[in-house]
Amino acid sequence: MSQKSLLSLAVGAALGGGLVHVSIAQAQEAQLQPTIEVTASRVAQTVDASLADVSIITRADIEKIGAPDLIEVLRLQAGVDVARLGGAGFQTSVFLRGTNSNHVLVLIDGVRVASANTGAFAFENLPLDAVERIEIVRGPRASYWGSDAVGGVIQIFTRKLDGAHLAASVGSYGSADGSVGYGMQTDAWGVSAQAGGRNVDGFSASNVLAGPYVYNPDDNPMQNHNQVAQAWYKLGTQTLSASAFRSVGTQSFDNGDFGPGISHTLDQAIGVNLEGAITADWQHRLAVGTTRTNIDTPAFGSAYRSTREQLSWTNDFAIAANQHLIAGFDSVHDRGRSLDTFGGTTQYDKTRDNSGVFAGWRAQADALDGEVSGRYDHNSDFGGEFSGSIAGGYRLSDSLRLTASYGTAFSAPTLSQLYSPGYGGYYAGNPLLDPERSRTGEIGLEWKVDASNRLEARAFTTRVRDLIDFSGGATFQAININHAAIDGLELTHNWHAGAYSWTNTLTLQDPRNEDTDAQLLRRPKQKFNSVFDVQLSDTFSAGAELVYAGRADDFDGKLGAYAIVNLHASYAVNPQWRIGARLENLGDRDYQLAYGYNTPGRSGYLTVSFTPQK
């Protein structure tokens, strides 16, 4: 019997016992606490008060499902589609509300982390054990954040430890990972640091459908080493803080008859912040950050280097008991390089600057609340761009709220789209490209049916123009040509009753190219997720996940619809030690997230973690 099958059986046996060290009373109390988010409008407010569609994934949520990587967490969220070119560590794309993968602004501890070359963030290189919290904001947020926030924003907050931390996990396909860390917190200061690593022997990333220039039957392993750190110190009413994230990886990939290729990656983000109250009615946050992204692929003779320096100042003025004015500015300096390591030449080495000023006004009066925001960006490549948004909410009753919003957004061309020389003169960049621009309308209904049930429905429509496509002339140069239309509906149901919880999300969307009426690639029209959990005692909990996605188009073929079932459980041996178990793809379903690329079959994971009791 294979290692994969043996471990899956072992995990299945462990799941017969079930679950998490949180008492039922504690879980119910946590549900009653207002959840604070800081991403939608760049300042703190409760999720219930926000007029944006916001989801929060906490550390407790992550530990409860015991997922081995971030893709399994994100795919459970409404409006989020994922695609991966193989197993763990392979290139992962995240689509939010049907928009392109580079139409999602990604932040780590407030720092922009997407590559200036590609415009995308390597989600596959983010260690899940280093994550404390994830905020997902759906819909355009360019009026606050500027470029890239067309489909929304995903902000990831790294962990702040208070005491020792130790975790180790083993799983199918030779998966083994672990982390160790320590933190101290007082009323005046705190420090936290964690280091981790992961090794996966893997499986063959591709199959014969990928074609002879890609397919190779050999397994594709990956390795990753990562570190996160936080420090903060209170200076009167101000708090000075710093954060650092670093991930170094090596990934094998299929390269046809040439055998497996290797890519080496580096992702790094560092931020320093000064924030707090200047007066009783004035809060601010001054932030500086830097990011670095490297990709080296010797088999292709290519290397990419990307750096970004950024400065921002955000202010929140309470101009009345029920009114807030938000204002600030951003400055970003990007540099991107593309190197030909075969010839020892630089294909391009370019820089650009972007500065933006923004302001928003938020007010509440009885049952009515509203928000108006606007931002002006000036980019050294394409000039000026204005983004605006207006939103309103009306409480029809204490349990029922109606919301509506309209916003515009844009995505600046990446440095690769602007300056890449292409391949033999084909698929080259174009320095005359304009930004991709969008407009989105949304209506929503939030209904607290009773103490146990909550329903949300949101309908949205997005139009994108000047989409960049490599279809210019006989050499397929990058040009602005396409128009996209995305119409969708998201339904969410949450039920909590005592020891039981059940969350269902249904996404119906029609992401299409308006010029050809073709479906946008790797984005299914239907998606349904269902997560059921039960807290059996103070020490045992268990749950199940159903993940369904409809058919989708891809570059060379069709992706079939699929449904998979995952199981998870946790057992608290004592207040310090916890054992978690996860069984994925219970039915061993053969499915694809990208045409010609494999996904894991039935697989299991066992995790042991130690956190001393305070």
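Parameters at a glance
- Residues numbered from 1 in each chain as written.
- Predicted model: local features only at pLDDT ≥ 70, side-chain atom pairs only at ≥ 80, totals over all residues.
- Heavy atoms only, no water.
- 1 Å grid on protein atoms, 1.4 Å probe; cavity = no way out; pocket = protein on both sides within 12 Å on 5 of 7 lines; lining within 4 Å.
- Points joined across faces, edges and corners; volume = space filled by probe spheres on them.
- Nonpolar A, V, L, I, M, F, W, Y, C, P; charged D, E, K, R; others polar.
- Helix = DSSP H or I, 4+ residues; strand = E, 2+ residues; numbered from the N terminus.
- Pairing = 2+ DSSP bridges.
- Buried < 20%, exposed > 50% of the residue type's maximum accessible area, 1.4 Å probe, protein only.
- Contact = heavy atoms within 4.5 Å.
- Salt bridge = Lys/Arg side-chain N within 4 Å of Asp/Glu carboxyl O.
- pLDDT = per-residue confidence, 0-100.
- Core = buried A, V, L, I, M, F, W, Y, C linked by side-chain atoms within 4.5 Å.
- Phe/Tyr/Trp six-rings, centres within 6.5 Å; stacked < 30°, edge-to-face > 60°.
- Lys NZ or Arg CZ within 6 Å of the ring centre and 35° of its normal.
- Polar contact = N/O pair within 3.5 Å; in protein donor to acceptor, adjacent residues only side chain to side chain.

### Notes on empty space enclosed by the protein
Then, number 1: Going through the model one piece at a time under the given rule, you end up with 14 cavities of 30 Å³ or more.
Then, number 2: Here the residues of the lining of the largest cavity are counted per class, giving 20 nonpolar, 17 polar and twelve charged.
Then, number 3: The volume enclosed by the second largest cavity comes to roughly 280 Å³.
Then, number 4: Around the second largest cavity sit 25 residues that line it, and Arg 112, Ser 147, Asp 148, Asp 334 and Arg 352 are the ones nearest its centre.
Then, number 5: Mapped onto the lining of the second largest cavity, the elements with two or more residues apiece are strand 18 (323–340), strand 19 (345–365), strand 20 (368–379) and strand 22 (400–411).
Then, number 6: When the residues that make up the lining of the second largest cavity are grouped by side-chain class, the tally is eight nonpolar, nine polar and eight charged.

### So, the sheet that holds strand 9 (residues 152–158)
Then, number 1: Ordered in space as 3-8-9-6-7, the five strands form an open sheet in which the pairing is mixed. Strand pairing shows two members of the sheet lacking a second neighbour, strand 3 (53–58) and strand 7 (111–112), which therefore form its edges.
Then, number 2: Note that strand 6 (residues 104–108) and strand 7 share two bridges and pair antiparallel. Residue pairing across strands places Ile 108 opposite Val 111, the latter belonging to strand 7.

### Let's talk about the side chain of Asn 513
Then, number 1: Along the chain, Asn 513 turns up in strand 26 (residues 500–513).
Then, number 2: Residue Asn 513 is classed as buried on the basis of its relative accessible area of 13%.
Then, number 3: Apart from residues no more than four positions distant in its own chain, Asn 513 is found in contact with Asn 482, His 483, Ala 518 and Leu 520.

### With respect to the pattern of salt bridges
Then, number 1: Counted under the stated rule, the structure contains 47 salt bridges.
Then, number 2: Across the salt bridge formed by Asp 533 and Lys 64, the nearest N and O atoms sit 3.6 Å from each other. Taken together, the residues span a long stretch of sequence, with Asp 533 in strand 27 (residues 526–535) and Lys 64 in helix 3 (residues 59–65) at a distance of 469 residues.
Then, number 3: For Glu 490, the salt bridge identified is with Arg 97, shortest N-O distance 3.1 Å. Note that Glu 490 is positioned in strand 25 (residues 477–497) and Arg 97 in the loop between strand 5 (92–96) and strand 6, a separation of 393 residues in sequence.

### Topic: the environment of Val 113
Then, number 1: Assignment of secondary structure puts Val 113 in the loop between strand 7 and strand 8 (131–138).
Then, number 2: Overall, the relative accessible area of 6% leaves Val 113 in the buried class.
Then, number 3: For the pair formed by Val 113 and Val 464, sequence separation is 351 residues and the distance between their alpha carbons is 24 Å.
Then, number 4: Residue contacts for Val 113: discarding those within four places in its chain leaves Val 106, Leu 107, Ile 108, Phe 121, Ala 269, Thr 291, Thr 293 and Arg 308.

### Remarks on unusual backbone geometry
Then, number 1: The backbone of Arg 42 shows a phi angle near 70°, a positive value even though the residue is not glycine.
Then, number 2: Within the element layout of this structure, Arg 42 appears in the loop between strand 1 (36–37) and strand 2 (45–46).
Then, number 3: Look at Arg 97: it is not a glycine, yet its phi comes out positive at around 55°.

### Concerning the environment of Val 608
Then, number 1: Mapped onto the fold, Val 608 is located in strand 33 (residues 603–610).
Then, number 2: Along the sequence, Val 608 and Val 191 sit 417 residues apart, while their C-alpha atoms lie 24 Å from each other.
Then, number 3: Beyond its immediate chain neighbours, meaning those up to four positions away, Val 608 contacts Leu 166, Ala 167, Ala 168, Trp 577, Arg 578 and Ile 579.

### Some points on the confidence of the model for the chain
Then, number 1: Summarising the model, the chain shows a mean pLDDT of 92, and 94% of its residues fall at 70 or more.
Then, number 2: Per-element mean pLDDT across the chain ranges from 42 in helix 2 (residues 24–32) up to 98 in strand 27.
Then, number 3: Low pLDDT, under 50, characterises residues 16–32; the predicted model gives this stretch 41 contacts beyond four residues in sequence or across chains.

### Digging into the nonpolar core
As a rule of thumb, nonpolar side chains are buried together in soluble globular proteins.
Then, number 1: Counting residues in each nonpolar core, the largest one holds 38 residues, and the members touching the most others are Phe 123, Leu 126, Ile 134, Ile 154 and Ile 156.
Then, number 2: With four residues, the single largest contributor to this core is helix 4 (residues 70–74).

### Focus: the packing of aromatic side chains
Then, number 1: Overall, the coordinates contain 13 aromatic pairs when judged by the stated rule.
Then, number 2: Judged by centre distance (5.1 Å) and plane angle (80°), the rings of Phe 121 and Phe 123 are edge-to-face. In terms of burial, Phe 121 and Phe 123 fall into one category: buried.
Then, number 3: Aromatic ring contacts, followed pair by pair, group Tyr 426, Tyr 427 and Phe 476 into a single cluster.
Then, number 4: Between the NZ or CZ atom of Lys 160 and the centre of the ring of Trp 232, over which it lies, the distance is 4.6 Å.

### Some thoughts on the side chain of Ser 169
Then, number 1: Its place among the elements puts Ser 169 in strand 10 (residues 163–171).
Then, number 2: A distance of 3.3 Å separates the side chain of Ser 169 from the side chain of Thr 607, its partner in a polar contact.
Then, number 3: For Ser 169, the residues in contact, after removing those within four places along its chain, are Ser 175, Ala 176, Asp 177, Leu 606 and Thr 607.

### What to know about the environment of Glu 72
Then, number 1: Here Glu 72 lies in helix 4.
Then, number 2: For Glu 72, a relative accessible area of 6% translates into the label buried.
Then, number 3: Distance from Glu 72 to Tyr 595, taken between C-alpha atoms, is 19 Å for residues 523 residues apart in sequence.
Then, number 4: Filtering out sequence-adjacent residues up to four positions away, Glu 72 remains in contact with Ile 65, Ala 67, Asn 566, Arg 582 and Glu 584.
Then, number 5: At 3.1 Å, the side chain of Glu 72 forms a polar contact with the side chain of Arg 75.

### Remarks on the pairing of strand 11 (residues 175–185)
Then, number 1: Summarising the sheet, strand 10 and strand 11 pair through nine bridges and their orientation is antiparallel. Bridge pairing in strand 11 places Ala 167 opposite Ser 179.
Then, number 2: With antiparallel pairing between neighbouring strands as the criterion, strand 10 and strand 11 make up a hairpin whose turn holds three residues, including Tyr 173 at a positive phi of roughly 60°.
Then, number 3: Pairing between strand 11 and strand 12 (residues 189–200): ten bridges, direction antiparallel. Note that in strand 12 the partner of Gly 178 across the bridge is Gly 197.
Then, number 4: Connecting strand 11 to the antiparallel partner strand 12 that follows it, the hairpin turn spans three residues.

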